[in-house]
Amino acid sequence: MIIIKSPREIEAMRRAGAIVGRFFEEVKTLIRPGSTTLSLEEFAEEFVGRHGVKGAFKGYLGYPANLCTSINEEVVHGIPSRNRQLREGDIVSIDFGVVMDGYYGDAARTYAVGRIPESSLRLMRVTEEGLSRAIESTRPGNRIGDVSAAVQETAEKAGFSVVRDFVGHGIGRALHEEPQVPNFGAPGTGPRITPGMVLAIEPMVNEGGHAVEVLADGWTVVTRDRKRSAHFEHMVAVTEEGCMILSLP
Ligand code: MF3
Ligand code: CO
């Protein structure tokens, strides 16, 4: 069942999303060679305390941290660690969510660490472009398959592939609600998009093949070919005219 949100609920989700957006503005200043992913997690812990909110991920299905920090071939769900230092040339995907007044906010971005290869820059640009195209397709009259196809076409035209084993999702009083929002699919298929839906759209795009696997820690998702992967996520609310991005400061 897809839960339609009232204007008041969407205002509450905008407040949660604004805090998530603010987090990204602040955390990007900490991304540089030598920073450990644990130091980013410690910043997140301080940030949620300062804003009087709860991290959405810590404790979710036993996940141990507020952040997912996924470097290079890591796709999503990398666990922050004192033993992982960012190095010049890396790309790092940061995924962060909060729960505020009972509503979730969720977003992700991939950052360059210092100077990175041109191919990684292109991977990041294409993934973010896929998210933009997906957001443009999120409007009443369209279906979820139109959103999925926008990501897939953008990624595949650039010679990249989309992850199939993890998808975007509805969001509200739960982190994950219906509908699923895959990053692949055919236009004109899937659930109809209607005003009051709130969706977390999150393209995960691989430089190589689409196959992924989970490491022995039970969480970290990596590309099977160990080529790099990028991840961008926004939470959007469907309006009469289109949609509004909620996860911006
Ligand atoms: N943004 C991710 C998602 O939407 C974050 C989940 S990480 C988890 O699923 F640890 F909480 F599972
Ligand atoms: Co999400």
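A quick note: this is a predicted structure, and the numbers were derived from the prediction, not measured.

Asks: Please explain the coordination of the cobalt ion (ligand 2) as it appears in this structure.
Replies: Bound to the cobalt ion (ligand 2) are the protein donor atoms D106 (OD), H169 (NE2), E202 (OE) and E233 (OE), situated 2.1 to 2.3 Å from the metal. Summarised as a motif, the one-chain spacing of the donors to the cobalt ion (ligand 2) is D-x62-H-x32-E-x30-E. With D106 in strand β5 (residues 103–112) and E233 in the loop between β13 (229–231) and β14 (234–238), this pair connects stretches of sequence that are 127 residues apart. Each of the two residues, D106 as well as E233, counts as buried.

Asks: How do you make sense of the sheet that holds strand β6 (residues 161–162) when you look at a structure like this?
Replies: As a general point, the strands of a sheet are linked pairwise by backbone hydrogen bonds and lie either parallel or antiparallel. Taking strand neighbours across the sheet as the criterion, the 3 strands line up as β6-β10-β13 in an open arrangement whose pairing is antiparallel. Edge strands, defined here as strands with exactly one partner in the open sheet, are β6 and β13. As paired elements, strand β10 (residues 204–206) and β13 share 3 bridges and run antiparallel to each other. Bridging from a neighbouring strand, V205 pairs with A230 of β13. Sheet strands in contact with helix α3 (residues 118–137) are β10 and β13, and its direction is about 35° off that of β13.

Asks: Would you take a moment to explain the packing of helix α1 (residues 7–27) against helix α2 (residues 37–51) for this structure?
Replies: Angle between the axes and distance between the axes are the two parameters that describe a pair of packed helices. Look at α1 against α2: their axes get within 11 Å of each other, and the N-to-C directions meet at 140°. When the axis of α1 is compared with that of α2, the two are oblique. Note on packing geometry: the crossing formed by α1 with α2 is right-handed. Of α2, the residues touching α1 (which contributes I19, R22, F23, E26 and V27) are L40, F43, A44, F47, R50 and H51.

Asks: Could you clarify how one ought to interpret the pattern of salt bridges in this entry?
Replies: Side chains that carry opposite charge are capable of pairing whenever their charged atoms lie near each other. Under the counting rule described, the total for this entry stands at 11 salt bridges. The shortest N-O distance in the salt bridge between R109 and E128 comes to 2.8 Å. Highlighted residues: R109 in strand β5 and E128 in helix α3, separated in sequence by 19 residues. Residue classification places R109 among the partly exposed positions, given a relative accessible area of 24%. Residue E128 is classed as partly exposed on the basis of its relative accessible area, which comes to 33%. What emerges from the salt-bridge pattern is a single network uniting R22, E26, E46 and R50.

Asks: Explain the sheet that holds strand β11 (residues 212–214) to me, please; I cannot follow it from the model alone.
Replies: The antiparallel open sheet is built from 3 strands, whose spatial order is β3-β12-β11. Here the strands that pair on one side only, and so sit at the sheet edges, are β3 (74–76) and β11. Strand-to-strand twist in this sheet, taken as the mean axis angle between neighbours without regard to direction, amounts to 40°. Bridge count for β11 against strand β12 (residues 221–223) is 3 bridges, and the pairing is antiparallel. Bridging across to β12, E213 finds its partner in V222.

Rules used throughout
Throughout, residues of each chain are indexed from 1 in the direction in which the sequence is written. The naming scheme follows written order: chains are lettered A onward, ligands numbered 1 onward. Predicted model: local features are reported for residues with pLDDT of at least 70 only, side-chain atom pairs are reported and counted for 80 or more only, and whole-chain, interface and lining totals are derived from all residues. No hydrogens and no water enter the side-chain calculation; it runs on all heavy atoms of the structure. Ligating atoms shown are N, O and S within 2.8 Å of the metal, or 3.2 Å for Na, K and Ca, and water is not included, meaning a site may look less than complete. For helices the rule is a DSSP run of H or I covering at least 4 residues; for strands it is a run of E covering at least 2, with both sets numbered from the N terminus onward. Burial classes follow relative accessibility: with a 1.4 Å probe on protein chains only, a residue under 20% of its type's maximum area counts as buried, one over 50% as exposed, and anything between as partly exposed. Should DSSP find at least two bridges between two strands, the strands are taken to pair. Residue contacts are counted whenever heavy atoms from the two residues lie within 4.5 Å of one another. Fitted lines through C-alpha atoms give the axes, limited to the stretch in contact for helices. The angle between two N-to-C directions lies from 0 to 180 degrees. Here the angle decides the label: under 35 degrees means roughly parallel, over 145 means roughly antiparallel, 65 to 115 means roughly perpendicular, and every other value means oblique. Less than a right angle of anticlockwise turn of the near helix away from the far helix marks a crossing as left-handed, whereas a clockwise turn marks it as right-handed. The term salt bridge refers to a side-chain nitrogen of Lys or Arg lying within 4 Å of a carboxyl oxygen of Asp or Glu.

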